[in-house]
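Residues per chain, in single letters:
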Amino acid sequence: MLLTIIIVNYNGAAFLSACLDSVLAQREFFNDFKVVVFDNASTDQSIEIIQKYAAQIDIHQHDTNVGFPNAHNILLPQLTTPYLWLLNNDTEFSHEKDIITPILNHFKSDDSIVGISPKLLNTDGSIQTQGSGLNQFRFKTSHIKQVPFLSGASLFIKTAFFKDIGGFDPNLFFYNDDVDFAMQVKRHKKKLIYYPLVQVTHHGGLSTKFQRIETQIGGYIGSLYLCRKYYHPIIYVIYRFLVRILIKVLYYYY
């Protein structure tokens, strides 16, 4: 088997069926994959929906919400396929086009490639920028290209590299795992590739809509942790000051 598709779910009932239907429809084009759904103690109708697909997927139910990075780390020892596809539960894509084969084939073009993302679209069909707004120009292209960052919403990864770096940083909970992954790729002199010839719609924000302030603050704290991990102490001190201001403003307007 070549590919393991991992969907980490937390209260994703609204979009989960569309995501799983999209994934399973790929068997018409590429059948050498398995699907693993890791549920992070959802309290909505997620489990009932997931159980409907029990014959076609592997289900892991966790009794607490361990977050996005650690869900993958828990699965890490049992990942044996050469490639992984980390896929958000609020994604969907065409049932009539081969999404997987072109991307897996592109890995073979260069041994230093360890991550590939398709074009991400917003719900309205517009291009979704992967990363900050400053990165917009990188993703408004129809050409395959190397980029410094890829979103974790639909990320194909070479399993051997993911295991070499020990998976995701366990100190992260929801946001910033893809930022840390990009930094690890850079540190190890590997490559991330944007592959816009196939596309995936990422509705975005599904797992955080009921906990907006908590997840935003968690994102700030995670970015602060990464700043300390990768940058000079002076930069960390300045950034910590800015983060404190951002959190105060967030609480004020919430």
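Here the residue numbering is sequential within each chain, running from 1 through the sequence in written order. Residue-level local features of this predicted model are given only where pLDDT is at least 70; pairs of side-chain atoms are given and counted only at 80 or more, and the full residue set underlies all totals for whole chains, interfaces and linings. The side-chain figures draw on all heavy atoms in the structure; neither hydrogens nor water molecules are used.

(A) Region of the structure containing the environment of Ile116. Tracing the sequence through the fold places Ile116 in strand β6 (residues 113-121). Separated by 31 residues in sequence, Ile116 and Val147 place their C-alpha atoms 9.6 Å apart. Two residues form a contact once any of their heavy atoms are found within 4.5 Å. Excluding anything up to four places from it in sequence, Ile116 contacts Ile103, His106, Phe107, Leu150, Ser154, Leu155, Phe156, Ile193 and Tyr195. Secondary structure is summarised from DSSP: a helix means a run of H or I of at least four residues, a strand means a run of E of at least two, and numbering begins at the N terminus for each.

(B) Layout of the environment of Leu192. With respect to the element layout, Leu192 can be found in strand β9 (residues 191-202). Think of it in three bands: with a 1.4 Å probe and only protein chains considered, a residue is buried below 20% of the maximum accessible area for its type, exposed above 50%, and partly exposed in between. Its relative accessible area of 2% is what places Leu192 among the buried residues. Residues Leu192 and Ser117 lie 75 residues apart in sequence; the distance between their C-alpha atoms is 8.2 Å. When neighbours within four sequence positions are excluded, Leu192 is seen to be in contact with Gly115, Lys145, Gln146, Val147, Pro148, Phe149, Leu150, Phe181, Ala182 and Val185.

(C) Main features of the nonpolar core. Definition used in this section: a nonpolar core is a set of buried Ala, Val, Leu, Ile, Met, Phe, Trp, Tyr and Cys residues joined via side-chain atoms within 4.5 Å. Counting 35 residues, the largest nonpolar core has Leu3, Ile5, Ile7, Val35, Trp85, Ile100 and Phe156 as its most contacted members. Contributions of two or more residues to this core are made by β1 (3-9), α1 (13-25), β2 (33-40), α2 (46-51), β4 (83-87), α4 (100-107), β6 and β9. Of the residues forming this core, the biggest block, 6 residues, is contributed by α1. If you look at the next biggest cluster of nonpolar residues, it comprises 28 residues, including Leu86, Leu150, Ile157 and Ala182.

(D) Seen up close, unusual backbone geometry. The phi dihedral of Asn11 falls on the positive side, at around 50 degrees, and the residue is not glycine. With respect to the helices, strands and loops of the structure, Asn11 is situated in the loop between β1 and α1. At Lys189, a residue that is not glycine, the phi angle is positive and equals roughly 60 degrees. Structurally, Lys189 is set in the loop between α7 (177-187) and β9.

(E) Region of the structure containing helix α3 (residues 68-75). Of all 8 residues in α3, 7 are buried; the element is thus mostly enclosed. Restricting attention to buried positions, one finds in α3 the residues Phe68, Pro69, Asn70, Ala71, His72, Asn73 and Leu75. Summarising the contacts, the buried residues of α3 are in contact with β1, β2, β3 (58-62), β4, α6 (159-164) and α7.

(F) Representation of the pairing of β1 within the structure. Burial of β1 is extensive: 7 of the 7 residues sit out of reach of the surface. Alternating positions in β1 separate into two faces, Leu3, Ile5, Ile7 and Asn9 on one and Thr4, Ile6 and Val8 on the other, with burial throughout. The pairing criterion is simple: DSSP has to find at least two bridges between the two strands. Pairing of β1 with β2 involves 7 bridges; the strand directions are parallel. Considered in β2, the bridge of Val8 is made with Phe38. By the criterion used throughout, a crossover qualifies as right-handed when its path from the first strand across the helix to the second strand runs clockwise, the strands pointing away from the viewer. In this view, the connection linking β1 to its parallel neighbour β2 by way of α1 has right-handed handedness. Here β1 pairs with β4 via 4 bridges, running parallel. Bridging from a neighbouring strand, Ile5 pairs with Trp85 of β4.

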